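What follows is each chain in one-letter form.
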Amino acid sequence: MARTALVTGGSRGIGAAISHALKDAGYTVAATYAGNDEAAAKFTEETGIKTYKWNVADYDECTAGIAAVEADLGPIDVLVNNAGITRDAPFHKMTKDQWDQVIGTNLTGVFNMTHPIWPGMRERKFGRVIIISSINGQKGQFAQVNYAASKAGDLGIVKSLAQEGARFGITANAICPGYIATDMVMAVPEKVRESIIAQIPTGRLGEPEEIARCVVFLASDDAGFINGSTISANGGQFFV
Ligand SMILES: NC(=O)c1ccc[n+]([C@@H]2O[C@H](COP(=O)([O-])OP(=O)(O)OC[C@H]3O[C@@H](n4cnc5c(N)ncnc54)[C@H](OP(=O)(O)O)[C@@H]3O)[C@@H](O)[C@H]2O)c1
């Protein structure tokens, strides 16, 4: 029977490419989103992948949403924590609200999504937890104290879950994308984007599909001995 995968933020950008790639690899896929109904409806129409709306920053919404997905598609074998936001500002101008929003979605959201799914993975003796972190969680970034902290925290989650899940057949790994051509990056002014590309030795932005292929590998049985790892996919921009 096909394994079931849930991709948060799976209807747009990197998440949409991940949902597509997992479907192509034979998984039954559910994609979640926060509020962009139009994009989600278009995505479902084009792909046949079911979409579900809830806020990953809300624990109760996650519990209810996960129960709905599992009732529709069966137990979740692969969880891809991809949903993420930026609220950039230099630290002296960053508001508490900007801090809370980013930590709530990018870090607490990973707890909220993984915690209700984890016991079932333990019982079934199989699971894959994959977190889309960021190059900026590895190296820090001007005006992203909130984002860099959330994404560095995600790496701590993965390393700890890897130790707890290993004897239950569960792996937890992270991917740290560099700059990828999605709405998030295309929203920055063109001049800034050009300066970003100038810092990437490969000379271009990454494509969402390049991250999706890493996810498909980490989700597979072939990756069973890879646990607690971080894959950097950044065009050579930063080495850990
Ligand atoms: N793009 C890059 O260069 C880059 C680089 C490194 C890491 N990343 C990370 O990769 C992930 C995907 O980025 P992206 O560029 O593809 O982003 P994106 O195009 O802005 O899409 C974000 C997705 O996450 C969903 N989302 C946002 N907040 C949510 C919440 N509170 N609850 C549920 N869903 C939520 C959005 O739903 P709606 O459609 O409803 O808004 C959307 O589906 C993020 O974690 C990001 O930090 C991106």
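All values reported here derive from a predicted model rather than from experimental measurement.

A. The overall build of the protein chain, seen in detail. When helices and strands are tallied, the protein chain shows nine helices and seven strands. By principal-axis analysis of the C-alpha atoms, the protein chain measures approximately 50 × 40 × 35 Å. Classification of the 240 residues of the protein chain by burial places 48% in the buried group. Sequence separation of at least 24 residues holds for 70% of the intrachain contacts in the protein chain that already meet a minimum separation of 6. Only carbon and sulfur atoms are counted for the fraction: they give 55% of the accessible area of the protein chain, which is about 11,300 Å². The averaged location of the 25 negative side-chain charges in the protein chain is 5 Å from the averaged location of its 21 positive side-chain charges.

B. Looking closely at the pairing of strand S5 (residues 127–132). Most of S5 is tucked away: six of the six residues are buried. Where burial is concerned, the two faces of S5 agree: the one with Gly127, Val129 and Ile131 and the one with Arg128, Ile130 and Ile132 are both buried. Of the strand pairs in this sheet, strand S4 (residues 78–81) and S5 are connected by four bridges, and their pairing is parallel. Its bridge partner being in S5, Val80 is matched across the sheet by Ile130. Following the backbone out of S4, through helix H4 (residues 96–124) and into the adjacent parallel S5, one traces a crossover that is right-handed. Pairing geometry for S5 and strand S6 (residues 170–177), over six bridges, is parallel. Paired with Val129 across the bridge in S6 is Ala172.

C. Local environment of the UniProt feature "domain: Ketoreductase" (unreviewed entry) in the protein chain. UniProt's entry tags residues 3–178 with the feature "domain: Ketoreductase" (unreviewed entry), counted in the numbering of this structure. Secondary structure content for residues 3–178 is 53% helix and 18% strand, while the C-alpha to C-alpha distance between its ends is 29 Å.

D. Structural context of empty space enclosed by the protein. A complete count under the given rule lists one cavity of 30 Å³ or more for this structure. In this structure, the largest cavity encloses a volume near 30 Å³. The dominant element in the lining of the largest cavity, judged by the number of residues it contributes, is H4, at four residues. Looking at side-chain class alone, the lining of the largest cavity contains four nonpolar, five polar and no charged residues.

E. Summary view of the site of the ligand. Inspection of the region around the ligand gives 29 residues, with Arg12, Gly35, Asn82, Tyr147 and Thr182 positioned closest. Gly35 places a polar main-chain atom, nitrogen or oxygen, 2.6 Å from an oxygen atom of the ligand. Within the contact set of the ligand, a nitrogen atom lies 3.0 Å away from a backbone nitrogen or oxygen of Val56. Starting from 900 Å² of accessible surface for the ligand in isolation, the protein chains cover 93%. The cavity that encloses the ligand is the largest pocket. Sorting the residues of the shell around the ligand by element identifies helix H1 (13–24), helix H6 (145–165) and helix H7 (183–186) as the ones contributing at least two each. A class-by-class count of the residues in the shell around the ligand yields 14 nonpolar, 13 polar and two charged.

Reading the values: the criteria
Residues numbered from 1 in each chain as written. Predicted model: local features only at pLDDT ≥ 70, side-chain atom pairs only at ≥ 80, totals over all residues. Heavy atoms only, no water. Helix = DSSP H or I, 4+ residues; strand = E, 2+ residues; numbered from the N terminus. Buried < 20%, exposed > 50% of the residue type's maximum accessible area, 1.4 Å probe, protein only. Contact = heavy atoms within 4.5 Å. Areas by Shrake-Rupley, 256 points an atom, 1.4 Å probe, with all protein chains shown as cover. Lys, Arg positive; Asp, Glu negative; His and termini not counted. Charge placed at Lys NZ, Arg CZ, Asp CG, Glu CD. Pairing = 2+ DSSP bridges. Right-handed = clockwise from strand over helix to strand, strands pointing away. UniProt positions renumbered as here; feature names shortened; annotations may be inferred. 1 Å grid on protein atoms, 1.4 Å probe; cavity = no way out; pocket = protein on both sides within 12 Å on 5 of 7 lines; lining within 4 Å. Points joined across faces, edges and corners; volume = space filled by probe spheres on them. Nonpolar A, V, L, I, M, F, W, Y, C, P; charged D, E, K, R; others polar. Near = heavy atom within 4 Å. Polar contact = N/O pair within 3.5 Å; in protein donor to acceptor, adjacent residues only side chain to side chain. Sits in = over half its atoms within 2 Å of the grid points.

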